[in-house]
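Structure assessment
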Amino acid sequence: MTKESQKVSIVTPAYNVERFISETIESVIAQTYKDWELLVVDDHSTDKTGQLVLRYAANDARIKYFRQKNGRGVVQARTRALIESTGRYIAFLDADDTWLPHKL
């Protein structure tokens, strides 16, 4: 198996979570396992969720941001992330949650 085939795609739907999203992303960045991608799908937030995610994405190519054109709900946001994912494994992380460093 190649190293690429071990990548974990982390699916994070987000809606108006500017209070939490930085801590959520930081918990992913802090993972001891480094072969991951974080796919944040913003379900048309009206706060600064998107701006915060884009700041992280600008500094880490493993963080990917997608914005729904209109509020379509968490199921559609997760589906979009799954379509965009490139990892062998999938993990789900809510936008208002965090992981301990050894989660992956």
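Keep in mind that what you see is a predicted model, and the values were worked out from it rather than measured.

1. Focus on the overall build of the protein
Secondary structure summary: the protein contains 3 helices and 4 strands in total. Written out in order from the N terminus, the α and β elements of the protein read β-α-β-α-β-α-β. Scaling as 2.2 N^0.38, a compact globule of 104 residues should have a C-alpha radius of gyration of about 13 Å, and the protein matches this with 13 Å. Here the C-alpha coordinates of the protein stretch approximately 40 × 25 × 20 Å along the principal axes. For the protein, the share of sequence-separated contacts (at least 6 apart) that also reach a separation of at least 24 residues comes to 83%. Summed over all atoms, the accessible surface of the protein reaches about 6000 Å², with 52% contributed by carbon and sulfur. The averaged location of the 14 negative side-chain charges in the protein is 4 Å from the averaged location of its 15 positive side-chain charges.

2. Remarks on the environment of V53
Mapped onto the elements, V53 comes out in helix 2 (residues 49-59). The spacing of V53 and N70 is 17 residues in sequence and 18 Å in space, taken between C-alpha atoms. Those residues in contact with V53 that lie beyond four places of it in its chain are I21, I25, V40, I63 and Y65.

3. A short note on the nonpolar core
Of all hydrophobic cores here, the largest spans 19 residues; its most connected members are I10 and L38. Going through the elements one at a time, strand 1 (8-14), helix 1 (21-29), strand 2 (36-42), helix 2 and strand 3 (63-67) are the ones with two or more residues in this core. In this structure, L38 is in contact with I10, T12, I25, V28, R62, I63 and K64, ignoring residues within four places of it in sequence. Within the second largest apolar cluster, 6 residues are counted, among which are V11, L39, F66 and A81.

4. Focus: the sheet that holds strand 1
In spatial order, the strands read 3-2-1-4; together these 4 strands make up an open sheet with parallel pairing. The two strands at the open ends of the sheet, each matched to only one other strand, are strand 3 and strand 4 (89-92). Strand-to-strand twist of the sheet, defined as the mean angle between neighbouring strand axes without regard to direction, takes the value 25 degrees. In this structure, strand 1 lies alongside strand 4, joined through 4 bridges in parallel fashion.

5. Some remarks on the pattern of salt bridges
Tallied over the entire structure, the rule returns 5 salt bridges. Its salt-bridge partner being D60, residue R62 comes within 2.8 Å of it at the nearest N-O pair. Its relative accessible area of 24% is what places R62 among the partly exposed residues. Given the relative accessible area of 14%, D60 is considered buried. Two residues, R80 and E84, come together in a salt bridge whose shortest N-O distance is 3.1 Å.

Conventions adopted
- Residues numbered from 1 in each chain as written.
- Predicted model: local features only at pLDDT ≥ 70, side-chain atom pairs only at ≥ 80, totals over all residues.
- Heavy atoms only, no water.
- Helix = DSSP H or I, 4+ residues; strand = E, 2+ residues; numbered from the N terminus.
- Rg over C-alpha atoms; globule rule 2.2 N^0.38 Å.
- Contact = heavy atoms within 4.5 Å.
- Areas by Shrake-Rupley, 256 points an atom, 1.4 Å probe, with all protein chains shown as cover.
- Lys, Arg positive; Asp, Glu negative; His and termini not counted.
- Charge placed at Lys NZ, Arg CZ, Asp CG, Glu CD.
- Core = buried A, V, L, I, M, F, W, Y, C linked by side-chain atoms within 4.5 Å.
- Buried < 20%, exposed > 50% of the residue type's maximum accessible area, 1.4 Å probe, protein only.
- Pairing = 2+ DSSP bridges.
- Axes fitted to C-alpha atoms, helices over the stretch in contact; angles between N-to-C directions.
- Salt bridge = Lys/Arg side-chain N within 4 Å of Asp/Glu carboxyl O.

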